[in-house]
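Summary of the model geometry
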Amino acid sequence: MARVAARLSANGEQSSHPVDEVLPLPKLALYGFQHVLAFYAGAVIVPIIVGSALKLSPEQLVYLINADLFTCGIASIIQAWGIGRVGARLPLIQGVTFTAVSPMIAIGLGAGGGTAALLVIYGAVITAGIATFAFAWLPPKAFRAVMRLFPPVVTGTVITVLGIVLIPVGLRDAVGGATTVGDGGVPTQLAYAGGTMLFILALMKFGGPFLRSIGILLGLVGGTVVAALLGDVEFGGVSTADWVGVTTPFHFGAPKFEWFPIVLMLIVMLITMVETTGDTYAVGDIVGKDVDSETVARALRADGAATALGGVLNSFPYVAFAENVGLVRMTKVKSRFVVVAAGVFMIVLGLLPKAAAIVAAVPHGVLGGAATVMFGMVALAGIQTLAKVDLKEEKNALVVGVSLAFALFPATVPLYFDEHMDADLSSLLNSGVTLGATAAIVLNLVFNGLGKDDAHGPRVEIPAPAAAPAAERAGSPAAESAEPATAGGAEEAGTTPAP
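The number of helices and strands found in the protein chain is 24 helices and 2 strands. Nonlocal contacts in the protein chain, meaning residues at least 24 apart in sequence, comprise 83% of its contacts between residues at least 6 apart.

For Phe-199, the position within the fold is in helix α8 (residues 187-206). Residue class for Phe-199 comes out partly exposed when judged on its relative accessible area of 38%. Sequence separation between Phe-199 and Gly-369 is 170 residues; the distance between their C-alpha atoms is 9.8 Å. Filtering out sequence-adjacent residues up to four positions away, Phe-199 remains in contact with Leu-218 and Gly-219.

Here we come to the packing of aromatic side chains. For any pair of aromatic rings, geometry is given as the distance between the ring centres together with the angle between the planes. In total, this model carries 8 aromatic pairs according to the counting rule given. Both rings, one in Tyr-416 and one in Phe-417, keep their centres 5.9 Å apart while their planes meet at 90°; by these two values the pair is edge-to-face. For Tyr-416, a relative accessible area of 36% puts it in the partly exposed group. An aromatic cluster of at least three residues, connected via ring pairs, comprises Phe-409, Tyr-416 and Phe-417. Sitting over the ring of Trp-137, Arg-301 keeps its end group 3.9 Å from the ring centre.

Together, Trp-243, Val-244, Val-246, Val-344, Val-348 and Leu-352 make up an exposed nonpolar region whose accessible area comes to about 580 Å². Turning to its location among the elements, Val-348 is positioned in helix α15 (residues 336-351).

All right, on to the packing of helix α12 (residues 259-287) against helix α14 (residues 322-331) then. One can describe the packing of α12 onto α14 by two numbers: an axis separation of 10 Å at closest approach and a directional angle of 10°. Judged by the inter-axis angle, α12 sits roughly parallel to α14. Note on element contacts: α14 touches α12 through Ala-322, Val-325, Val-328 and Arg-329, opposite Asp-279, Ala-282, Val-283, Ile-286 and Val-287. In terms of residue class, the contact of α12 with α14 is made up of 7 nonpolar, no polar and 2 charged.

The backbone of Phe-250 sits at a positive phi, close to 50°, despite the residue not being glycine. Among the structural elements, Phe-250 can be located in the loop between α11 (236-240) and α12. Its identity as a non-glycine residue notwithstanding, Asn-314 has a phi of 70°, on the positive side. Within the secondary structure, Asn-314 sits in the loop between α13 (293-312) and β2 (318-320).

Formed by 57 residues in total, the largest nonpolar core has its most connected members in Phe-39, Met-104, Leu-118, Met-265 and Phe-316. Among the elements of the structure, α1 (25-53), α2 (58-81), α3 (101-110), α4 (114-135), α12, β2 and α15 are those that each provide at least two residues to this core. Residues Val-158, Ala-282, Ala-381 and Val-400 belong to the second largest nonpolar core, which totals 42 residues.

Within the secondary structure, Ser-76 sits in helix α2. The class for Ser-76 is buried, based on a relative accessible area of 0%.

Let us now look at the confidence of the model for the protein chain. Overall, the prediction assigns the protein chain a mean pLDDT of 78, with 82% of residues at 70 or greater. Looking across the protein chain, the model is least confident in helix α24 (residues 487-493), with a mean pLDDT of 37, and most confident in α13, with 93. Low pLDDT, under 50, characterises residues 1-15; the stretch is placed with 31 contacts to residues that sit more than four places away or in other chains. Every residue in residues 458-499 is under pLDDT 50, and counting partners more than four places away or in other chains gives 60 contacts.

What follows deals with the pattern of salt bridges. Using the criterion set out here, one finds 3 salt bridges in the structure. A network of salt bridges, in which partner residues are shared, links Arg-85, Glu-294 and Arg-301.

Taking 1.5 Å of rise per residue, 20 residues should cover 28 Å, and α13 covers 29 Å from first to last C-alpha, within 8% of that figure. Where α13 ends, the next residue or the one after it, Asn-314, has phi of about 70°, a positive value.

Conventions used here
Residues numbered from 1 in each chain as written. Predicted model: local features only at pLDDT ≥ 70, side-chain atom pairs only at ≥ 80, totals over all residues. Heavy atoms only, no water. Helix = DSSP H or I, 4+ residues; strand = E, 2+ residues; numbered from the N terminus. Contact = heavy atoms within 4.5 Å. Buried < 20%, exposed > 50% of the residue type's maximum accessible area, 1.4 Å probe, protein only. Phe/Tyr/Trp six-rings, centres within 6.5 Å; stacked < 30°, edge-to-face > 60°. Lys NZ or Arg CZ within 6 Å of the ring centre and 35° of its normal. Patch = residues over 30% accessible without salt bridge, like charges linked within 9 Å, V, L, I, M, F, W, Y side chains within 5 Å. Areas by Shrake-Rupley, 256 points an atom, 1.4 Å probe, with all protein chains shown as cover. Salt bridge = Lys/Arg side-chain N within 4 Å of Asp/Glu carboxyl O. Axes fitted to C-alpha atoms, helices over the stretch in contact; angles between N-to-C directions. Parallel < 35°, antiparallel > 145°, perpendicular 65-115°, else oblique. Nonpolar A, V, L, I, M, F, W, Y, C, P; charged D, E, K, R; others polar. Core = buried A, V, L, I, M, F, W, Y, C linked by side-chain atoms within 4.5 Å. pLDDT = per-residue confidence, 0-100. Expected span 1.5 Å × (residues − 1).

Here is the structure:
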């Protein structure tokens with residue numbers, strides 16, 4: 001049974017821009033650019049942190065940033081547009097995962113730093129990407145069996161953890177950036193953050209549908225204009241940046257494949273798979289599109305392909321970005337082609353260092369004000385997923401509560417891991433996302449065991465015999481508009497399960 005084009009979203013509001021609607025070009029460009037601005041700080045921070053830790057030159061850092069943006073654009077287009085059975089065809093932006101930062105620094109420092117370290121990192125990234133891509137091609141029954149590890153109590157907890165872990169990132173930007181936190185922050189930057197946040201909230205409260213849909217973009221532009229008028233925007237990097245910079249495969253040399261870095265990166269990709277799984281279900285709820293195990297498999301194939309491509313194009317592991325899931329929820333612009341437009345913008349930015357430098361000139365405080373709002377919405381998306389869970393059941397409540405506690409430990413006692421653990425183990429565990437996700441999976445297995453099937457499966461409203469042919473026509477137009485139902489979802493709804 002084909003879905004109608006416009007349908008109710010998870011919060012009961014009618015979507016003005018359904019997921020498969022191609023918007024007029026001006027709107028695509030505007031909404032797409034908003035996604036880029038919302039995503040930009042998170043996109044560039046990983047190559048900056050890793051490159052700085054490995055003591056790369058400023059020119060090499062700029063190259064890493066441009067390579068990252070270029071690859072992000074390609075990866076986002078693959079995820080949102082879809083190529084065959086690769087890509088979820090949902091408004092999911094692909095970005096470099098924060099989970100990989102500490103492990104990559106550990107790998108790089110173990111390899112001696114510099115560009116030689118990048119070659120070892122890229123060997124591990126390429127291998128992990130190929131492994132993730134291959135995993136997502138498991139036979140349907142085997143893949144659904146794996147998805148039993150990720151019921152709503154797990155994915156909802158992971159998304160909530162992502163939001164909670166990211167909120168301090170936004171707050172650190174709000175006071176002037178991570179380097180100023182130890183000094184108490186910069187009051188003027190906090191003023192910019194507060195002004196930007198208030199402006200966005202005012203638009204959401206009093207603006208019309210169109211203004212609300214571009215509230216984050218207007219907040220970033222308005223905050224930057226105010227900061228520029230007060231002399232707090234530095235455009236020096238624009239004049240020194242090149243006009244054109246082309247990313248070429250294996251720019252720093254041929255990758256090196258070493259077993260321990262590969263094992264470490266495979267563990268990282270396991271965590272990112274949980275992130276992408278949760279984000280896929282969350283954005284499916286937001287846009288009102290059923291998500292089943294095949295949709296998740298397509299999303300993970302895009303993750304794997306993007307990660308392997310990242311290793312080739314001098315970038316890092318990729319994941320569906322939770323920040324932009326929060327943006328979709330805030331703006332209610334649900335068309336996946338907006339993300340395709342954002343991907344085109346990112347490719348252009350990856351080729352034009354001067355254009356990227358202009359976007360990079362947005363003050364920390366302005367970025368922090370907008371980011372804090374979005375990261376809060378990410379946590380809310382996780383809470384919405386947890387609304388499917390019976391939290392009056394003590395076992396489920398323990399899974400959520402204890403996992404959140406584990407996730408906050410690295411932020412609360414950041415030096416514990418470095419002081420009392422082996423460097424390799426510390427690089428893996430000193431991450432709230434890693435600890436929180438691992439705790440959620442393990443505790444759910446301990447208290448609830450494995451579910452009967454993929455617990456996120458969509459509800460079917462028609463008898464199984466009528467649904468079966470649509471499920472069998474993989475790759476046909478009908479199959480694109482009507483996802484196959486899973487048994488687990490049907491059983492939960494009390495309807496007839498699809499075979």
